[in-house]
Amino acid sequence: MSGKSVNANIRNIAIIAHVDHGKTTLVDQMFRQCGMFRPGQEMDDRLMDRMDLEKERGITIAAKNCSVTFEETRINILDTPGHADFGGEVERALSMVEGAILLVDASEGPLPQTRFVLSKAMASGLAIMVVVNKVDRADARVQDVLNEVYDLFIDLDATEEQLEFPVYYAIGREGVVFEQLGAEPQQLDVLFRAILEHVPPPNYDPGEPFQMLVSDIDYSDYLGRLAVGKVRNGVVRRNESLSCLGVDGAVNLRVSKVQVYDGPVLREVEQASAGDIVILSGAEQFRIGDTICSADRPKPLPRITVDEPTVSIAFSVNTSPLVGREGKYVQSARLRERLLKEAMKNVAIQVDETDEKDIMLVKGRGELQMAILIETLRREGFEFSVGRPRVIEKDVNGARHEPIEHVFIDVDEPFVGVITEKLSQRKGRMVNLINHGSGRVRMEFSIPSRGLIGFRGEFLTDTKGTGILNAYLEGFEPYRGDIPARHTGSLVADRTGQAVAYALFNLEPRGVMFVRPGEDVYEGMIVGEHNRDNDLDVNACKEKKLTNMRASGRDEGIVLTPVLPMTLERALEFIREDELVEVTPKSLRLRKSILSAGERQQARSKQKSMN
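The rules behind these values
- Within each chain, residues carry numbers counting from 1 in the order of the written sequence.
- It should be noted that, the model being predicted, local features are given only for residues of pLDDT at least 70 and side-chain atom pairs only at 80 or more, the latter also being counted only at that level, while totals for whole chains, interfaces and linings use all residues.
- By convention in this description, side-chain values take in all heavy atoms of the structure and omit both hydrogens and water.
- Take the buried residues of types Ala, Val, Leu, Ile, Met, Phe, Trp, Tyr and Cys, join any two whose side-chain atoms come within 4.5 Å, and each joined set is a nonpolar core.
- Exposure categories follow from relative accessible area, calculated using a 1.4 Å probe and restricted to protein chains: below 20% of the type maximum is buried, above 50% is exposed, and the middle band is partly exposed.
- The way it works is that DSSP assigns letters per residue, a run of H or I at least four long becomes a helix, a run of E at least two long becomes a strand, and they are numbered from the N terminus.
- Whether two residues are in contact is decided by their heavy atoms, any of which lying within 4.5 Å being enough.
- Multiplying one less than the number of residues by 1.5 Å gives the expected span of a helix.
- Taken from the helix axis, the directions to the C-beta atoms give the arc we talk about.
- Only strands joined by at least two bridges in the DSSP assignment are considered to pair.
- Only the contacting stretch of a helix is used when fitting its axis, a line to C-alpha atoms as for every element, and angles between N-to-C directions run 0 to 180 degrees.
- Should an angle fall under 35 degrees it is called roughly parallel, over 145 degrees roughly antiparallel, and 65 to 115 degrees roughly perpendicular, with every other angle called oblique.
- The handedness criterion is simple: a crossing whose near helix is rotated anticlockwise from the far helix by less than a right angle is left-handed, and one whose near helix is rotated clockwise is right-handed.
- Residues are sorted three ways: Asp, Glu, Lys and Arg are charged, Ala, Val, Leu, Ile, Met, Phe, Trp, Tyr, Cys and Pro are nonpolar, and all the rest, Gly among them, are polar.

1. A word on the nonpolar core
Next, step 1: Residues Ile16, Leu102, Val132 and Phe153 are the most contacted members of the largest nonpolar core, which totals 39 residues.
Next, step 2: Here this core takes six residues from helix H5 (residues 142-155), the largest share from any one element.
Next, step 3: Not counting residues up to four positions away in its chain, the partners in contact with Leu102 are Ile16, Thr114, Leu118, Ile128, Met129, Val130, Val131, Val149 and Phe153.
Next, step 4: In this structure, Ile313, Phe514, Ala571 and Phe574 belong to the second largest nonpolar core, which totals 28 residues.

Now the structure itself:
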C-alpha cells in the first residue's frame, strides 16, 4: 500500500454560517480583491445567489462552487446554505472540502443553524477557522460572541486540536479583515494567507486509480447532465473511458469534457488531478453519491449519507375546474418526472409512490425546504395540488416516537408570556431562559416538529413582527400527545362563478375572507375562514336582486375589508387534513379534497359510522 501525497497547489474550503450572517457578501469581496473582475466592470451583489428565490428571500438555498487564485494556489470556495432544512446541500458540499470558515455575526452570535452546520463540519474532521463578521455594528459584542463560539465547540465535543482554531474579525461588506480587535483594517489577503496556512491541501494515494464521488449534479443545454465532485485519486482526461458505480451496478461512460471552476464560471481543461473540483460531461446515468472511476480498476467510494427526512407532503395533479388555465404542465407524468429529477439532484429529498397513481409522497427536512420546492415548480409552469405537511414518525421497540425540535426564540420582554403559553399548548417545554436586562429575552424550548407547523405565522402576529425564531432537529422522542388543531372552520363555496362584492360583504360577519370581487370560485373552493369550528357552505356569487321599488334612502357603497394576500407558507399552515392547496404559476387557492358538497357529506357520514 503506497503512502499519501498532497496537491499543494489547491485548497478546498466551505464557508458556513447562519442565515444572513454575511457569507455570500464575503465571497463577493473575495472575487473583487482577487482580480477576478477588471476595474469598472459591473458586478451583481451576492454573485453566488444565482436563483431568483435566493435573491428574493436573501438566503442561500443551494450549495454553489467557485474559485479564486491567490499566490499561484487555487482556492475552491463552496458557499453553503445556512438553514437546517437544506442540510442535504451542506452534507454534499462538505464532502468536497478539507476545511471550513465559520462566519459568525458579531451581535447575534452562533445561532441554531450555525450549530447544525458546524456539527457536520466537525464530524467530517475539517479544519475550522472562525471569522467574526460585522464588527462595525453598533450593537456588536465581539468578546461575548467569541466566548459563545468556544462554548459551542465544547458542547459539540471538539478535540483539543479543533479548539485551537484561528480567529479573525471582519467587515464583509467593506472587504476588510482585522487580525486583532483594534488593529488596522487589512485587505482579504490576510484571510487568504490564513487559508493557505491552516487548511490542509487535499491528499491522495498515488497508487490508486482515478476515483471521484459525485457530490452534485448540474445540467447544460449543450452537454446534458454534468457530474460535479472532487477528484479523490488519479487523473481524469478528456475523451477517457470510465465507469460509474451506482446502487444498481456499473455503467460505462466516456468523458466528453472536463471543466474546473475559474471564479464563478467554468473553464475547460484537458485533464484534472487529485484534489481538483471538476465537472464531467458525457455521463447520463448517475446519481449523487455514485463513484466515477477507472474502468479497468473500478473501486467504489463511501456514499454520501444525510439525516433522514422529518416532514412529508402529498403532491397530486390539479383536479379543480380551473385546471390548465394558468399552467403549462398539468399531467401527472410530467409532475412525477420532475419530482424524481429533484430527488436525484437533492439527496435530502425522497419521492415515494403511493397507492393512488396521481399522488406522490415527497419527504424532506422541513416546511421551508418543501415551500422552496413548491415555489420552484410553480415558477417552472407546473400546476398541481399539495396537502398539509405531516411529520414522519418512527416505531422504536413498539413505541411511537416523533421528531423533536430545539427552538431558540428572541423576543421583547412583554411577549414572553403569550409565546410561552402558545408553545406549552403545542407540547413545548422550556429548557432555558436568558434575560440580560436589555429588553430582549432569549428562550429555548424542546417541542415536537408538528407543534411548529402553523406556528410561525402566529408567532410573527403575537410579537408584532419583532420576534426571531430558529430551530434545529434534536432527535426523536416518545410521542408527547395530541396537539389542539385549528379552532376555526372553512367557508366553502357551494357553486362555480365569480365572487361578487355584495355576497362577500354579507359573508364578512361569518369570518375572514380569502377572495376578492371578480375572482373565479368553484364548488369546494375555500373562500374564507369561518369564525366557528365547523365548515360552512356559502354562496360567494350571490348578486343583489333588482326591483322597481326605490330604496327610501340611498344605497350605501359597499366597502370590503382588505384581503391579506395568501402566501405559500400561510396556505400550508392553514389547511386541514381534508383540504389542499391548489398551486399554479399565477395563483394559490385553498380547496377541499372532495369538491362536491354532497360527496363530502357522504364521506363524513361514512367516517362516523366507521368510528
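2. Description of the environment of Ser312
Next, step 1: If you trace the backbone, Ser312 turns up in strand E21 (residues 311-317).
Next, step 2: Look at Ser312 and you get buried, because its relative accessible area is 8%.
Next, step 3: Taking the C-alpha atoms as reference, Ser312 lies 5.7 Å from Pro389; in sequence the two are 77 residues apart.

3. A few points about H5
Next, step 1: Here H5 spans 20 Å end to end across 14 residues, near enough to the 20 Å set by a 1.5 Å rise per residue.
Next, step 2: Buried within H5 we find Val142, Val145, Leu146, Val149, Leu152 and Phe153. The buried residues of H5 occupy an angular sector of 115° when the element is viewed end-on, so they sit on one face.
Next, step 3: Positive phi appears at Asp157, one or two residues downstream of H5, with a value of about 60°.

4. Description of the pairing of strand E2 (residues 10-17)
Next, step 1: Taking burial as the measure, the eight residues of E2 include eight buried ones, the bulk of the element.
Next, step 2: Inspection of the sheet shows E2 paired to strand E4 (residues 73-79) by six bridges, in the parallel sense. Paired with Asn12 across the strands is Asn76, a residue of E4.
Next, step 3: Pairing of E2 with strand E5 (residues 99-105), which is carried by five bridges, proceeds in the parallel orientation.

5. Thoughts on the packing of helix H8 (residues 332-345) against helix H9 (residues 367-379)
Next, step 1: Orientation of H8 relative to H9, taken along the N-to-C sense of each, is 130°, at an axis distance of 12 Å. With respect to their mutual orientation, H8 and H9 come out oblique. Viewed along their axes, H8 and H9 form a crossing whose handedness is right-handed. Between H8 and H9, the contacting residues are Leu335, Arg338, Leu339 and Glu342 on the first element and Leu373, Thr376 and Leu377 on the second.
Next, step 2: Here the residues of the contact of H8 with H9 sort into four nonpolar, one polar and two charged.

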